[in-house]
Amino acid sequence: MVLEEGARSCLLRFRFRLEEDIKPTYLMDHMISDGVITVDEEERVKTQNTRKDQAGALIELLLKKDNRAYISFYNALVKEAYEDLASLLHSGLPNVSNPQQESSDGSAAYVQAILSEGGVPPRPIVFVSRPELVNQVREKLYQLQKDTGWITVFGMAGSGKSVLAAEAVRHHGLIKDCFPGGIHWLSIGQVDKPDLLVKVQSLCFRLEQSLESEPLHRPPNSLDEAKERLRFLMLRRYPRSLLILDDVWDSTVLKVFDVHCRVLLTTRNRSLTDAVSGAKHEVEVESGLVENKALEILALYTGMKLEALPEEARSIATECKGSPLVVSLIGALLREKPNRWRYYLCQLQQKQFKRIRKSSSYDYDALDQAMAASIEVLPDEHRDLYKDLTVIEKDVKVPAKVLSVLWDLEPEEVEDILEEFVNKSLLFVDSDNKPCLYYLHDLQIDFLMEQNRTQLESLHTKVVRQYQQHYKDGPPTSGDEECLYWIQFLTYHMAKANLTQELYTLMFSLNWVTIKAKIMGPAHLINDYVEYGSILDKENSEVRSQFQEFLSLNGHQLEQRPFPDVVQLALSQPHNSEVYRQARLQAQNRAKAGKLYFDLVNKSGEESLSHLVIHPHQGSVHSACFSQDGTKIASCGASKTLKVFKSTSGEKLMDLAAHDDEVLCCAFSPDGRLLATCSSDRKVKVWNADRAMLCRVFAEEHEEQVNHCQFTNTSARLLLATCSNDSVLNVKLWNLNKPSSQNTMFGHFKPVNHCCFSPNDRYLSTSSNDGTLKLFEVSSANEWKTIHVSDTFTENKEDVLIKCSTWTADGKRVICAARNVVLVFDVETSDMLFEIRTSRLSTVQYCHACPTSNLLAIAFSNYAVELWDLEANKKMADCSGHLSWVQRVQFSLDGSLLLSCSDDQTVRIWETKKVHTSSAVCLKRDSDVLFNNEEIIVSAADNCNRLQVRDGRTGAVLFQSEEKPSRIRCTCMCRQPSAVVLGQEDGTVQVLEVPSGKLLATLLGHTKTVLHCQFSPNGQTLITSSEDTTIRVWRWQSGECKVLQGHTEQVRCFSLLPNSPNDSRLLSWSFDGTVKVWDTESGEKLQDIEAHHQTILSCHVSPDGCLFATTSVDKTAKLWQCESWQCAYTLIGHQECVRSCRFSWDSQHLATGDDNGEIRLWSVKNGSLLKICSRDSKDGMDSLHGGWVTDLHFSPDNSLLVSTGGYIKWWDVKTGKALQTFYPTGSALKKIHVSSDFSTFVTIDNIGILYILQRVV
């Protein structure tokens, strides 16, 4: 980029003056630090003989440079007190322009479009340029042209940081050269995690909306997932863009945006970026406006020339103490009363306000006087209206329609009043938003809170009462800005107004849960139950916990689009739950109008599997651990405290203010007498756990936050290991008898998140952000092995962060967590043995291997805890109950208990056996069901390879076989005689009496897996098909058998032809692509049909026996005539394998389902396509049905269709619209059994849970 003509002209015009006066050596120091000239260039200038020659050489050099060099030279003149020379060059500054002139510039429209699209706020009504600061910020922004990094604009409250940041990016050349991907503004403020998640969700949505070709994703449902989404968008879609984070208070916020992008942030705390990685630059906004800028604002407000301002103006500028906000307040007053200069100066000089509370170190006196004076000149009725704004939360923008409700005035009248407040600088407006949004500066809210602190309750009460008056018929659901405000903040106003009864009524309402979850997502909703839990518990803690439990179990479903039916979700809650009671009532009422709902009949009676819940801290619980004997639990977290409890009762034993910052980890010594803690304050401390006394402090050696600490497993040679965010010296071993660390382990050059001793204490495993897991020898502190975990990932290897590691009890395997997977490695060979890839999209936060079994506990960022069997690589149980990110899990030493701690401020203790066995006896999906009036009998194999026959309603086991040596692959039942059949992988078929279990027959003949079995209607004949390509027809009581041979590949299924005389004809289909018709009496093959060139996946015979349908891997379905055995129609249109088909009961329609989740309805009469069922409702798995469509059934009147895939869906056959969806805990449903009246539905999911659903009437 060459020097702009205006800048070049200024340098040439004033060259003589510059050469006469400047000292180049002083100026070049600043320019080198700005990176616009090199040391070599400085040396060349210095080689000139005289100072004047050096000045000439410097100007010659500048003429060859770009705009950045000119800006740097100008700033250097200002810093070295050459104000007179700087003023000569001011008009040539390439990136400072008169706001009136800029609009005429051809590039202004482009700049405005970019900034508006990115949400950058417009210039304030009265705007004064601060060129030196603007140029400093732009100078730093140019340093982000090639590399990512952080620019911190910091200064006191009210110093104009936000306006400065917005002005700095209002420049065509800067955007074009550095940020062609756009400028994206996000107001942060003081936020908790749910609020932050909503802000990041909205940013991601805004970024995705701008991508025309990009399909819309569901919103990320955790901060970890949001960070990954943002990382993808910023790296892949907006690689050269700038993210501006306005008003950041907390360093933890920045960690979410630490995704290798370009960030500018405004803050009061300059040290925030210490917590993140990347290049860092700073611009300090020292004390607001200098005097001449304050005078300029006053001149603009009053319409006077600078030189014409009265003498009081300078004194007023001094009293305003540099605050643009205070100067604007006074300026607005003087615009209306231009003869009151002396009066307002006296007002500022008064000290009548004495603050009881101060929210920052800001000097409030000037602001208080200016605010009081501004409010004083308002009409009486407007003064009261302004007081109402006290209830607005900081960093919240409010639409005029909300205030129209609050003030009970017409919207046009409200807009006029708000315009008056804006003109007096008592309020700010975001006019880029349509409709306009209004907001107060933090300092103005502080003032109002202080002035009205005795009336806060009544002011919030007014908000609630006005809302109730306006929305008598129910909450707004439009989704506009007004609706969003009420849905987000109504509970806040009720809590602040102490309207506890209204808060109970609202939050214990399933209707409110539905509306808020649909409009805002579940994060805000869950946070409400945590934040107002203490208030709700006074009314009914049981009901509060029931609503929390419901949300924690279904939060991931409430993120789905299309939005699920909350009443249907709630019908799966325990019968004694208030959530279920309300859902049942609503379902019954809606069922009268024809709406479909299904009650889960066989739900567990247990409300929660957690054995004990402790609320130890205000704020997130970062770590919790058992003592070796399992009798105590220690916990620590954001509250900076360390607490110890009894693990049996939760009784508190110890409570210590442990550190000056968040406590990140705590650990018991092997004998339980000592407790170690480590913190963001960079200190490691050791405490006497019995006497609650501090024993040791290690404060010197770690220079960054200490993430984890752990003692050796035995006291034989007691050592403490710690790891930190230090770049090199980040893993240390401490001998508690020594004042400094015993050893430092070298190898990681990025933060180390976790360290863990092997069971025999010989090795220490360390998990780092560098993508490696290292094993160190404890005795020598030497590195033994490095496992490059990042190499196991195919995408973004450089961003693989290893969260933690754990060792199996035998020390032969080490396990680590990264992203959303857990990886298991062989310690000796460093080979990856297998990975545990859960179905969850969220990040694995922690994992811990049980010391006494093959179980592994995994903690997730989406509130879940799972137990996995390491031998089978299979999930054994879910531990549900947490309402926020689960940070840690740990088994007790004997493995009997498991604890988990979370950002929801709780520690939960689980009985391992109870949790494990609750899901341990799980059923296989191949099942059979008998419906007999109200009775539902289910037969299926369990995971211990025993055949079970259960009463579906009560769950009672009517019969259970002994464990079979060969895997059970199919089952069927017979009413008369009362018998059950099982087919096994070794080809054996057994018939057992129910309920005695007596072996009635063992049928040998198949040589491979038995895939399907079925009794004839009279129960005397049993038919089986097998992987060995044969079908066998057994007179099972005598053992007589006919073998139907002819297929060349496995026969997965068959069907008896309904109209066949004496039930003797059978139709079979196979992976060999053929359909065959047999006479079961003679064993004769009657027909052999080459149906498809590829595997046949399903077949169904029409109820009238005239037709049958086949579906295939070849993506087609075919209709066949049973008389001629000819193909009537080939049904083309599916884009994936067609996996299932079913005729309607009147034989007029055929439904087909494919592997993309699509269901098509066809006319049997002419083979035409009638409907594609809800093609537009793709889910988070990019499927229409959560997976393959595996089974289909019509209702007896042919008006409804039920289908299974990842979940169960019911459809309107006429319209093709989905009427209801049931989401199982697992997925991949294989088949569904339907009662003859279409009222009861039975299925089993892939994790072995049995579901019996009954239609609500």
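None of the values given here were measured: they were computed from a predicted structure.

## A closer look at the packing of helix α16 (residues 291-302) against helix α18 (residues 324-336)
At a minimum axis distance of 8 Å, the contact between α16 and α18 shows a crossing angle of 30 degrees. Taken as axis vectors, α16 and α18 run roughly parallel relative to one another. Between α16 and α18 the crossing geometry is right-handed. Within the contact between the two elements, α16 uses Ala294, Ile297, Leu298, Tyr301 and Thr302 and α18 uses Val327, Ser328, Ile330, Gly331, Ala332, Leu334 and Arg335.

## Notes on the sheet that holds strand β66 (residues 1233-1234)
Spatially, four strands are ordered β9-β68-β67-β66 in an open sheet, and the strand pairing comes out antiparallel. At either margin of the open sheet sits one strand with a lone partner, and together these are β9 (598-600) and β66. Pairing geometry for β66 and strand β67 (residues 1240-1244), over two bridges, is antiparallel. In the sheet register, His1233 faces β67, and the bridge partner there is Val1242.

## Structural notes on the UniProt feature "repeat: WD" (unreviewed entry) in the chain
As annotated in UniProt, the feature "repeat: WD" (unreviewed entry) corresponds to residues 656-688, 745-786, 879-920, 1003-1044, 1044-1088, 1089-1130 and 1131-1172 in the numbering used here. As a span, residues 1003-1044 carries 0% helix and 55% strand, and end to end its C-alpha atoms are 16 Å apart. The span residues 1089-1130 is 0% helical and 57% strand by assignment, and the distance between its end C-alpha atoms comes to 15 Å.

## A short note on the UniProt feature "domain: CARD" (unreviewed entry) in the chain
Taking the numbering used here, the UniProt-annotated feature "domain: CARD" (unreviewed entry) corresponds to residues 3-92. Across residues 3-92 one finds 76% helix and 0% strand; the C-alpha atoms that close the span lie 10 Å apart.

## Some points on the pattern of salt bridges
Under the counting rule described, the total for this entry stands at 50 salt bridges. Ionic pairing is found between Glu282 and Arg270, a salt bridge with its closest N-O pair at 2.6 Å. In this pair, Glu282 sits in strand β5 (residues 279-285) while Arg270 sits in the loop between β4 (262-267) and β5, placing the two residues 12 residues apart along the sequence. Under the relative-accessibility criterion, Arg270 is labelled partly exposed at 43%. With a shortest N-O distance of 3.2 Å, Lys732 and Glu701 are connected by a salt bridge.

## Observations concerning helix α5 (residues 51-63)
Counted at 1.5 Å a residue, the expected span for α5 with its 13 residues is 18 Å, and the 19 Å between its end C-alpha atoms agrees. Each element contacted by the buried residues of α5 is listed here: α1 (5-13), α2 (15-21), α3 (24-33), α4 (39-46) and α6 (67-79).

## Structural notes on the packing of aromatic side chains
What the rule picks out here adds up to 23 aromatic pairs. Between Phe489 and Tyr492, the aromatic rings sit 6.4 Å apart at their centres with planes inclined by 75 degrees, giving edge-to-face as the arrangement. Separated by three residues within a single helix, Phe489 and Tyr492 lie in helix α26 (residues 481-496), roughly one turn from each other. For Phe489, a relative accessible area of 8% corresponds to the buried category. Residue Tyr492 is classed as buried on the basis of its relative accessible area of 14%. For the pair Trp1210 and Phe1241, a centre-to-centre distance of 5.3 Å together with 85 degrees between the ring planes defines the contact as edge-to-face. Note that Trp1210 is positioned in strand β64 (residues 1208-1212) and Phe1241 in strand β67, a separation of 31 residues in sequence. In this structure an aromatic cluster arises from ring pairing among Tyr467, Tyr471, Tyr485, Trp486, Phe489 and Tyr492.

Rules and cut-offs
Residues numbered from 1 in each chain as written. Predicted model: local features only at pLDDT ≥ 70, side-chain atom pairs only at ≥ 80, totals over all residues. Heavy atoms only, no water. Axes fitted to C-alpha atoms, helices over the stretch in contact; angles between N-to-C directions. Helix = DSSP H or I, 4+ residues; strand = E, 2+ residues; numbered from the N terminus. Parallel < 35°, antiparallel > 145°, perpendicular 65-115°, else oblique. Left-handed = near helix turned anticlockwise from the far one by under 90°. Contact = heavy atoms within 4.5 Å. Pairing = 2+ DSSP bridges. UniProt positions renumbered as here; feature names shortened; annotations may be inferred. Salt bridge = Lys/Arg side-chain N within 4 Å of Asp/Glu carboxyl O. Buried < 20%, exposed > 50% of the residue type's maximum accessible area, 1.4 Å probe, protein only. Expected span 1.5 Å × (residues − 1). Phe/Tyr/Trp six-rings, centres within 6.5 Å; stacked < 30°, edge-to-face > 60°.

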